[in-house]
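Report on the structure
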Amino acid sequence: MKKYIKLSIRFIISVSLIFYLFYKVDIIHVANSLILINPLFFLLASFLYILSSYISTLRWKIFISNSELTTSKLFSIYLIGSFFNLALPGTVGGDIVKVFMIKEKTGVTEALASVFIERYTGLAALLIIGFGFFCLFYGEIPKQPLIWTVPLSFFAFIIGTAFLLWISNFKFFKTFRDYILSFQRKQIIQALVYSLGVQIIVILSVYVIFIGLNLSVSFFKVAIFLPIIILITMLPISISGTGVREWCFILFFSNSLGQANVVAVSILWFLSQVLASLVGGVEYLRLNKPLNIKKE
């Protein structure tokens, strides 16, 4: 019951933000921009999303010891996870799917731990980039209360890490902790490098959408603001960041490009991810492997 109440609240927030967006922004202009996108640049943005998924798969592979789970198999599973992230409410639906798809080969502990540490290193890289840009370019960032999400998230991550280290001393978490601590520093650094590559590709995917709409913006500006936007949209207050993402684009980019144009960029970025995620749906149908998550 509690889960449905939280989901309903997030749904209401997303719908409210979208309705307010319709009220404040020229929707006809937004629709025209959506139609005028150069299809090649839109497809390129979708391809870049798939490429980022492949690099994320390489990051995940670092933490999996079973040799039967090759990079190609894990890439297929990662795409399926991305599809379920889109299809299921919340932000961890795809992660649960990935755990269930590899647990027979790795065991539950390694499956859970590998997915956790893969996501953890990705989030760590995003927070480092976002907080670094926040500090270095604070003078160029619009002064709105929402931007303080970035440093708060950074320090919450540090506190959360310390808390996880503390509770890992309890017997229940010991096996999980021992598995994670078994990795060498070199593996963690390699995963962080992959994470950096993922963030660069994500930034590039948004930049090509700007180009596809003939909007003049520097790659450097997108690189500064996008990690901050991603961190804000990750807050569990809406459905897949819907509404929050569009208003963040308005906050950071509308002064020079106009509200309708940047809302179109935000929507097209999301749609490019939807298109790319459908590849995971096709892979799931191809594998024809029921998950039975609810039963288990």
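The paragraphs below set out a description of the structure included in this document. Model, not experiment: these values are computed from the prediction.

F210, L226, F249, F252 and F253 are the most contacted members of the largest nonpolar core, which totals 58 residues. Secondary structure elements with two or more residues in this core: α1 (2-24), α3 (39-61), α6 (108-136), α7 (149-167), α9 (185-212), α10 (219-233), α11 (244-257) and α12 (259-287). No other element matches the 10 residues that α10 contributes to this core. Each residue touching F249, except ones within four places of it in the same chain, is listed here: V206, F210, L226, I229, S254, V262, V265, S266 and W269. Grouped together as the second largest cluster of nonpolar side chains are 15 residues, L69, I77, V99 and I102 included.

With respect to the secondary-structure elements, L40 resides in helix α3. For L40, a relative accessible area of 64% corresponds to the exposed category. With 74 residues separating them in the primary sequence, L40 and S114 have C-alpha atoms 36 Å apart.

Turning next to unusual backbone geometry. Phi at N214 is positive, roughly 60 degrees, even though this residue is not glycine. Here N214 falls in the exposed class, since its relative accessible area comes to 72%.

This next bit is on the packing of aromatic side chains. Summed over the entire model, instances satisfying the criterion amount to 20 aromatic pairs. For the pair F249 and W269, a centre-to-centre distance of 6.0 Å together with 55 degrees between the ring planes defines the contact as tilted. On the criterion of sequence distance, the pair formed by F249 in helix α11 and W269 in helix α12 is long-range, its members being 20 residues apart. Since its relative accessible area comes to 7%, W269 is described here as buried.

Of note, V115 is situated in helix α6. According to the relative accessible area criterion, V115 is buried, its value standing at 5%. In this structure V115 touches W60, D95, K98 and V99, once residues within four positions along its chain are discounted.

Turning next to the packing of α9 against α12. Running from amino to carboxyl end, α9 crosses α12 at an angle of 125 degrees, the nearest separation of the two axes being 10 Å. Relative to α12, the element α9 lies oblique. Of the two possible hands of crossing, α9 and α12 adopt the one that is right-handed. Across from V202, S205, V206, I209 and F210 in α9, the residues of α12 making contact are V265, L268, W269 and S272. Within the contact of α9 with α12, the residues separate by chemical class into seven nonpolar, two polar and no charged.

We now examine the side chain of S195. Relative to the helices and strands, S195 resides in helix α9. Engagement of the side chain of S195 in a polar contact is seen with the backbone oxygen of T121, the distance being 3.4 Å. Residue contacts for S195: discarding those within four places in its chain leaves R59, T121, G122 and A125.

Calculation notes
- Residues numbered from 1 in each chain as written.
- Predicted model: local features only at pLDDT ≥ 70, side-chain atom pairs only at ≥ 80, totals over all residues.
- Heavy atoms only, no water.
- Core = buried A, V, L, I, M, F, W, Y, C linked by side-chain atoms within 4.5 Å.
- Buried < 20%, exposed > 50% of the residue type's maximum accessible area, 1.4 Å probe, protein only.
- Helix = DSSP H or I, 4+ residues; strand = E, 2+ residues; numbered from the N terminus.
- Contact = heavy atoms within 4.5 Å.
- Phe/Tyr/Trp six-rings, centres within 6.5 Å; stacked < 30°, edge-to-face > 60°.
- Axes fitted to C-alpha atoms, helices over the stretch in contact; angles between N-to-C directions.
- Parallel < 35°, antiparallel > 145°, perpendicular 65-115°, else oblique.
- Left-handed = near helix turned anticlockwise from the far one by under 90°.
- Nonpolar A, V, L, I, M, F, W, Y, C, P; charged D, E, K, R; others polar.
- Polar contact = N/O pair within 3.5 Å; in protein donor to acceptor, adjacent residues only side chain to side chain.

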